[in-house]
Number of protein chains: 2
Amino acid sequence: MSPQAKRSSVIHTSIPDAGSAIDRNIPDFPIAQLSDEEKYFRTYKAPPYLEEIEDEVRKFIDYHATHTGKKVALITSGGTTVPLENNTVRFIDNFSAGTRGATSAEYFLENGYAVIFLYREFSLLPYSRHYSHTTNCFLDYMTESNNKIEINPDFADEMLMILRKYKKAKDSNSLLVIPFTTVNQYLYTLRSIAILLQKVGSKALFFLAAAVSDFFLPQSRMPQHKIQSQSTGKLIIDLEQVPKFLRRLVDNWAPSGMIVSFKLETDSSILIDKAKTALDRYQHQLVIGNLLQTRKKEVVIVASNDQSHWIKLTDEEVKENMEIESLIVPEVAEHHEKWISNHIKKEQESH
Amino acid sequence: MSPQAKRSSVIHTSIPDAGSAIDRNIPDFPIAQLSDEEKYFRTYKAPPYLEEIEDEVRKFIDYHATHTGKKVALITSGGTTVPLENNTVRFIDNFSAGTRGATSAEYFLENGYAVIFLYREFSLLPYSRHYSHTTNCFLDYMTESNNKIEINPDFADEMLMILRKYKKAKDSNSLLVIPFTTVNQYLYTLRSIAILLQKVGSKALFFLAAAVSDFFLPQSRMPQHKIQSQSTGKLIIDLEQVPKFLRRLVDNWAPSGMIVSFKLETDSSILIDKAKTALDRYQHQLVIGNLLQTRKKEVVIVASNDQSHWIKLTDEEVKENMEIESLIVPEVAEHHEKWISNHIKKEQESH
């Protein structure tokens, strides 16, 4: 049976086990091939605003290619959704506030990168993240004095420091933010940006921190209106796997860029193995492995040469609110420097 | 077959139709009975912080019962999630930014109510909603002048007006906000607050604007760790219906409070019928019907006496940014006034 034939089969091959919600009784599924890519983008429509975004991104990349010579990091952040209905009331979401992506973006900017921040709408943004998702209400930072609104003096100094960094990033045209919501919007936008980033060659860095859905509901099986619940005792959602586009990114969309992906697991015993398997399958450069429970204080950086290196915050560093991204980003940037010089060497050799 | 027996059946009764993602081949399912309630709360644990919340709510209600005599509105807002794993990476979510709830809360406060705002964490909050989910970054409202941070003068006047309303609500202890995330947290907290609200009798108003999941994944079928995707071609999620607790609210938890629920549909042809069916089934007082597509400019208020009344914004009102909640809330408050006087009459008659 060809992979194609397997994919198009939508009828269960077995009655799910009553003790488990997930039917795993299906053979290994191959990574996305060129044909899967073509099929996906032929079947699912591009978001209507895609060209507009491409224009913005093109200008941003051109500006840095021509004027600053900066390395450009594409950071993806937040979770993608999978709509279960055409007029979306219900969807499956992947947990991610976007902390990793938004925090890393700030450190990439501090490390001299221009940053394209492809993020889930309403997830955390660089700089504003310090205020937007706290339990404090926006207005708790404000106060009234002599009939004028002002920043509460308790917060003013810190906020000024953050405002300055934010304005610096904006004024130097070093930060471009692009939102997505669904997995389809994410995939289309990622592809477009990756292709545009070919312009800066090996100076492009992909830092794929978004939590991308593994499964989606094909359009053909999506009800037009809200799923009606009153006549059913239960709901069975029969999802298909999202093609693994990481390999397409490596081979076709961004063959010269350095690619860093993330592995989030909850079971520590399989973390490094899963990271190595991913590098093996997709042939990219780095996997940053982390556990849901400890992701803010330790990660493991696994490289394609099979070396892995743990980065851990000490208890004291945690107490001082040090952010682990302040250690991750310089290490990734170092890998990227090597990647760039190897590319230059190779190019010189081939001439 | 008893309802109980039907509910506990977890094996499909049919192979789902290949053309549809949803298996509807299951007979009508009855609304939650007392036994369903007991079973649910026996099976699922209360959130660990529940007692803390109960203390806060009790103080809030006591304060208004003793000192202000205000009517108390419980407003629920935002969507509930259904975790698909015990260490939650993936969950099913219901679409709702919380606009209706957060906006209505402001108008209930303006109409003299004390408001308990039970909302999905990170969804919109009254007052801060004007700034928190815009495409503007928090920091875009700020500027630096003479080494000090201040509010950008373009926004300062409007923000001052909103800050004043917010401070007034806070200083008069008229607004209590309580977050939830999962449907289980929502149900437990709703029950606790409803029971505490018995203290103010018919002066309690339930304004149930939250988008509550109809389906959930029973704990017993939830995997401990993240669902592994690499070996499966597809994912089948087999969900059960969340018991319809609205009837329990009417009969047991809050027999004297007035209850307003919402019906969000995408198909206009069934909206009023669905609203009437809900009133019939749950025996509460008002349903506010709205369509996903037009919910910001028209709603229909359907009362238990079978009367329905459309509220629509004119094009001009829409242009002037009038909020439909400014019309909905006074109308609901009027219904509530009648409800209270009827209760007083009944009490007098029975003495």
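Criteria and thresholds
The written sequence of each chain sets the order in which its residues are numbered from 1. Each chain gets a letter, beginning with A, and each ligand a number, beginning with 1, in the order they are written. At least 70 in pLDDT is required for a residue's local features to be given in this predicted model, at least 80 for side-chain atom pairs to be given and counted, and no such filter applies to totals for whole chains, interfaces and linings, which use all residues. The basis for the side-chain values is all heavy atoms of the structure; hydrogens and waters are excluded. Lines fitted to C-alpha atoms define the axes, with helix axes restricted to the stretch in contact, and inter-axis angles between N-to-C directions lie between 0 and 180 degrees. Secondary structure elements follow DSSP: runs of H or I no shorter than four residues count as helices, runs of E no shorter than two count as strands, and numbering proceeds from the N terminus. Each angle receives one of four descriptions, namely roughly parallel if under 35 degrees, roughly antiparallel if over 145, roughly perpendicular if within 65 to 115, and oblique otherwise. Here a crossing is called left-handed whenever its near helix is offset anticlockwise from the far helix by less than a right angle, and right-handed whenever the offset is clockwise. By definition, residues are in contact when any of their heavy atoms lie within 4.5 Å. Gly falls in the polar group here, along with every residue not listed as nonpolar (Ala, Val, Leu, Ile, Met, Phe, Trp, Tyr, Cys, Pro) or charged (Asp, Glu, Lys, Arg). Buried means the residue's accessible area, taken with a 1.4 Å probe over protein chains only, is under 20% of the maximum for its type, while exposed means over 50%, and partly exposed covers the values in between. Distance and chemistry together define a polar contact, namely a pair of N or O atoms within 3.5 Å, with one atom able to donate a hydrogen and the other to accept it when in protein, and with adjacent residues in sequence counting only for side-chain atoms on both sides. In a helix, the anticipated span is given by 1.5 Å times the number of residues less one. Note that the bend at a residue is defined as the angle between axes fitted to the seven residues ending at it and the seven residues starting at it. In short, DSSP must find at least two bridges between two strands for them to pair. Here, a salt bridge means any side-chain nitrogen of Lys or Arg that lies within 4 Å of a carboxyl oxygen of Asp or Glu.

> When you look at the packing of helix α3 (residues 50-68) of chain A against helix α7 (residues 183-197) of chain A in this model, what are you seeing that I'm missing?
If you want to describe how two helices pack, look at the angle between their axes and the distance between the axes. Residues and elements named next belong to chain A. Running from amino to carboxyl end, α3 crosses α7 at an angle of 30°, the nearest separation of the two axes being 10 Å. Comparing the axis directions of α3 and α7 gives the class roughly parallel. Handedness of the α3/α7 crossing: right-handed. Across from Leu50, Ile53, Glu54, Val57, Arg58 and Ile61 in α3, the residues of α7 making contact are Tyr188, Thr189, Ser192, Ile193, Leu196 and Leu197. Of the residues in the contact of α3 with α7, the class split is eight nonpolar, two polar and two charged.

> Please explain the side chain of Ser123 of chain A as it appears in this structure.
All names here are of chain A. Relative to the helices and strands, Ser123 resides in the loop between β4 (114-120) and α5 (129-132). Note on Ser123: relative accessible area 8%, which makes it buried. Within polar-contact distance, the side chain of Ser123 engages the backbone oxygen of Arg120 at 2.6 Å.

> Help me out: how do you make sense of helix α6 (residues 153-171) of chain A in this one?
Every α-helical turn comprises 3.6 residues, leaving residues that sit three or four positions apart pointing alike. Between its terminal C-alpha atoms α6 of chain A stretches 26 Å, which fits the 27 Å expected from 19 residues at 1.5 Å a residue. Met159 of chain A marks the point of greatest bend in α6 of chain A, at about 30°. Ala156, Met159, Leu160, Ile162, Leu163, Tyr166 and Ala169 of chain A are the residues of α6 of chain A that are buried. Close packing links the buried residues of α6 of chain A with α4 (99-110), α5, β6 (148-151) and β7 (175-180) of chain A together with β5 (142-145) and β6 (148-151) of chain B. A distance of 2.9 Å separates the backbone nitrogen of Asp154 of chain A from a side-chain oxygen at the start of α6 of chain A, and that oxygen is part of Asn152 of chain A. Asn173 of chain A sits one or two positions beyond α6 of chain A and adopts a positive phi of about 55°.

> Just to check I follow, could you spell out the pairing of strand β3 (residues 90-94) of chain B for this structure?
Residues in a regular strand point their side chains to alternate faces of the sheet. For β3 of chain B, the buried fraction is high: five of the five residues fall into the buried class. Along β3 of chain B, one buried face is formed by Arg90, Ile92 and Asn94 of chain B and the opposite face, lined by Phe91 and Asp93 of chain B, is buried too. Across five bridges, strand β3 (residues 90-94) of chain A lies against β3 of chain B in antiparallel orientation. Across the sheet, residue Asp93 of chain A finds its bridge partner in β3 of chain B, namely Phe91 of chain B.

> I'm lost on the pattern of salt bridges in this one. Help?
Should the charged atoms of two oppositely charged side chains come close, the side chains can pair. Applying the stated criterion to the full structure yields 22 salt bridges over all chains. Taking the shortest distance from any N to any O, the salt bridge between Asp93 of chain B and Arg120 of chain B comes out at 3.1 Å. Taken together, the residues Asp93 of chain B in strand β3 and Arg120 of chain B in strand β4 (residues 114-120) connect sequence positions 27 residues apart. With respect to burial, Asp93 of chain B and Arg120 of chain B carry one shared label: buried. Put simply, Lys165 of chain B and Glu110 of chain B hold a salt bridge, and the shortest N to O gap is 3.5 Å. Of this pair, Lys165 of chain B sits in helix α6 (residues 153-171) while Glu110 of chain B sits in helix α4 (residues 99-110); the two residues are 55 residues apart in sequence, bridging distant segments of the chain. Residue Glu110 of chain B is classed as partly exposed on the basis of its relative accessible area, which comes to 47%. Through salt bridges with shared partners, a single ionic network connects Glu106, Arg129 and Glu323 of chain A.

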